[in-house]
Amino acid sequence: MRGPKQILKEIYGYDEFRPNQLEIIEHTLSGQDSVVIMPTGGGKSVCFQIPALMFKNVTLVISPLISLMRDQVEALLANGVNAAYFNSSQSDFEKRIIIDNCLENKIKLLYISPETLVHAFDNWLKSIPVSFIAVDEAHCVSMWGHDFRPEYGQIKALRSHYRNVPFMALTATADKITRKDISTQLDLANPQLFLSSFNRANLSLAVRSQVPKKQKEKEIIQFLNARADEAGIIYCLSRKETEKWSSFLNSNGFNARHYHAGMDSSSREAVQDGFINDHYTIICATIAFGMGIDKSNVRWVIHNNMPKNIEGYYQEIGRAGRDGLPSDTILYYNYRDVVLLNDFVKESEFKETYQEKIRRILNYAEATSCRRNILLSYFGEFNDEPCMNCDVCKNPPEFIDGKMLAQMALSGIMRTSQQVGTNMLINILRGAKTMDLFDRNYHQLKTYGVGKEHSFVDWQHYLNQLINLGLLEIAYDDYLKLKITPAGDEILRSNKPLQLSKPTIAKKGEKAKKAKKKVSSNPDNALLEALKSYRKEIAQQNKVPAYVIFHDATLNDIAAVKPKNDIELLEIQGMGKVKLQRFGEMILKIVEENKAGNKVSKKSTLEETLELYDKGLSVEDMARERNLSPTTIYGHLCKLYEDDHPIDLNRYVTEFEVNQVKEARKIQRNTNQLRPIYDQLKGNVDFHKIALALTILSKYH
Ligand code: ADP
Ligand code: ZN
């Protein structure tokens, strides 16, 4: 009989187990119960799927999310495993087929939703021998968890019937009370706890504080330009903001959609499906988005506001990089967010707990030491090695003697009788000439202008630290005024030394470097594109998301290694036997063809632009790289598009703008000249966009 390791290789195409996986599998094979706690993306599925493949009879997988169920079953079928799901979304006919297959012991894994479980049990399930039961998202069984589902309570009732069947409860929840409660609520028999590290080393962490809106927009556009076609999520606090961001991004040539709980369920589902199937790459969402999504190639997550607590934040950033590839996260916040969050919880019975949680995430956001270590310590893991993949580690603060600075700030606050907020204080220290400052006579204070050699942003940085160090407090309940704490008082009056970190200057050219590095260390891009479009084709034929066919990591590997035969292909991570049989021949052919194509020696100017486009560069960056004007680059892109290269012009001009141009052109007697259309549109659409729109229109309309 095949062992777990052999199955891992043959079915999933992986060489090594991740930490704990093998132990969990063996524990189950010996017939015992377990509680498995692993972060999202940690690899829980393998833990119950491999025992399921080794047991004689069917394994039940209880799972609350219908979309997730479907994805997992598709992924299993794609790997040649006989799996099925059973839930309320199916017709009686479909259900009948599954029941028959189960009765004939043809199914290895049956995914079933908790609300159908009891009924199925009473009617047919109890007559079928079951080898093993896995309860996914097991925190749903506990009232203490963040996602309690009453239907989960019914699982316990089945326990007496399945006395000798091993149970496995799986969850990614981090909180201790819930973990404990799971075992009681499911009536597990002396279960072993398998607790995996919550460290997700592939996620980069960055926090940006108090960034003005325009600047934030600029930063995000730059960030996205360096990540063309990579999927990501922007989390916002309010519904309105999700809509604003989505339309802002679309008008800047990106392909974004919004998502929030105020939309009807069919539009929500459409957005979710479109994202999963790579029809659009950016979702601007409230935290309602992502629960049931198992998309493994989300490459980045941005928080537009401060999250409520570290648990939620960690779960949300955890939706990036589930395939283990490097992925980026940025958290933007300002003090207004914190006020808003505190307002939300004011009336709550658990006010103190919630406020403490807000304080903890604020500490994280304002940290001057490794952020990852702060997160991990929150979840009870301790580590003091710097991670080198967070903004603090990459750009460690330099410390200076901060005593003078602190005294300036503190006495500035004193002299205004603690009646000013951050901005006013900085204005006073910098000797600014603003109306409200003069109105309040602050220009006559002794501290007026004492700190003018430091910029506004630098002062923000110093004040942040004074707050972090506990010398100052922000009065969230009193218009964000700054108050001096007893510790601050002491600094003001004693000669105790004080160190502050120097403001870090965002290194110029970092973005450009990053884009370059990605390309050079990376696989052959033309080949990768070819493989991706092949994957898309099969995915569409089979009506499954692309990552069910192959993960990005697998295609990257192929494009880097360029395997020449089946044996080399099997070495690729994620390439199991069934996938080799189904797709191997075609993949080898694509690799071969691309080799031939690559030999063409002299590149035309269009090809050079195409190459940069494929690398994901923005038009501005392409223009810079090639020493041409953006207009010329747009011209190239139009030409390439006309020549049927896969250029997505909608990245630069929205569907809406194309329609505007179409209408204007009609009025201007179908002219193909830009000027009359431009004038007709009263200058609302740029020339280059009109040119792009005309190119699109002449091709399909
Ligand atoms: P979870 O359910 O814990 O969120 P999954 O079971 O979906 O995570 O696994 C996350 C990703 O890791 C999947 O793409 C899976 O194929 C991959 N994976 C799981 N185990 C291994 C392994 N031993 N080696 C390589 N990749 C693995
Ligand atoms: Zn770090």
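**Re the site of ligand 1**
As a structural note, the neighbourhood of ligand 1 is formed by 15 residues, with Tyr14, Gly41, Ser45, Arg322 and His551 the closest of them. In this structure, Gln21 approaches ligand 1 through a side-chain N or O atom, which is 3.1 Å from a nitrogen atom. Measuring from an oxygen atom of ligand 1, one finds a side-chain N or O atom of Ser45 at 2.5 Å. Protein contacts shield 86% of the accessible area of ligand 1, which totals 560 Å² for the unbound molecule. Residue contributions to the shell around ligand 1 peak at three residues, all from helix H3 (residues 44–54).

**Quick look at the nonpolar core**
Formed by 135 residues in total, the largest nonpolar core has its most connected members in Leu110, Tyr162 and Ile587. Setting aside residues up to four positions removed in sequence, Tyr162 forms contacts with Leu60, Phe121, Leu125, Val130, Ile133 and Phe167. Counting residues in hydrophobic clusters, the runner-up holds 31 residues, among them Phe17, Met69, Leu76 and Phe194.

**Some thoughts on the domain arrangement of the protein chain**
Annotation of the protein chain at the domain level lists domain 1 (4–195), domain 2 (203–394), domain 3 (399–501) and domain 4 (525–700). If you average the C-alpha positions of domain 3 and of domain 4, the two centres end up 52 Å apart.

**A few points about the pairing of strand S4 (residues 109–112)**
Residues Leu109 and Tyr111 point to one face of S4 and Leu110 and Ile112 to the other, with burial holding for every one of them. As paired strands, strand S2 (residues 58–62) and S4 are joined by four bridges and run parallel to one another. What sits directly across from Leu60, in S4, is Leu110. Chirality of the crossover, the property in question, places the unit of strand S3 (residues 83–86), helix H5 (residues 92–103) and S4 among those that are right-handed.

**So, the coordination of the zinc ion (ligand 2)**
For the zinc ion (ligand 2), the protein coordination sphere consists of Cys370 (SG), Cys387 (SG), Cys390 (SG) and Cys393 (SG), at 2.3 to 2.4 Å. Coordination geometry of the zinc ion (ligand 2): the four donor atoms subtend angles of 101 to 120° at the metal centre, consistent with an arrangement described as tetrahedral. Positions of the donor residues of the zinc ion (ligand 2) along the chain correspond to the pattern C-x16-C-x2-C-x2-C. Cys393 shares its class with Cys390; the two are buried.

**Description of the sheet that holds S3**
Across the sheet, seven strands lie side by side as S3-S4-S2-S5-S6-S1-S7; this open sheet has parallel pairing. Here the strands that pair on one side only, and so sit at the sheet edges, are S3 and strand S7 (192–195). For this sheet, the mean inter-axis angle between neighbouring strands, taken without regard to orientation, is 20°. In the packing of helix H4 (residues 66–78) onto the sheet, the strands contacted are S3 and S4, and the crossing angle to S3 comes to about 165°.

Each value, and the rule that gives it
- Residues numbered from 1 in each chain as written.
- Chains lettered and ligands numbered in written order.
- Predicted model: local features only at pLDDT ≥ 70, side-chain atom pairs only at ≥ 80, totals over all residues.
- Heavy atoms only, no water.
- Near = heavy atom within 4 Å.
- Polar contact = N/O pair within 3.5 Å; in protein donor to acceptor, adjacent residues only side chain to side chain.
- Areas by Shrake-Rupley, 256 points an atom, 1.4 Å probe, with all protein chains shown as cover.
- Helix = DSSP H or I, 4+ residues; strand = E, 2+ residues; numbered from the N terminus.
- Core = buried A, V, L, I, M, F, W, Y, C linked by side-chain atoms within 4.5 Å.
- Buried < 20%, exposed > 50% of the residue type's maximum accessible area, 1.4 Å probe, protein only.
- Contact = heavy atoms within 4.5 Å.
- Domains from an automatic or database assignment.
- Pairing = 2+ DSSP bridges.
- Right-handed = clockwise from strand over helix to strand, strands pointing away.
- Donors = N, O, S within 2.8 Å, 3.2 Å for Na, K, Ca; no water.
- Tetrahedral: all angles 85-135°; square planar, octahedral: opposite > 155°, others 65-115°.
- Axes fitted to C-alpha atoms, helices over the stretch in contact; angles between N-to-C directions.

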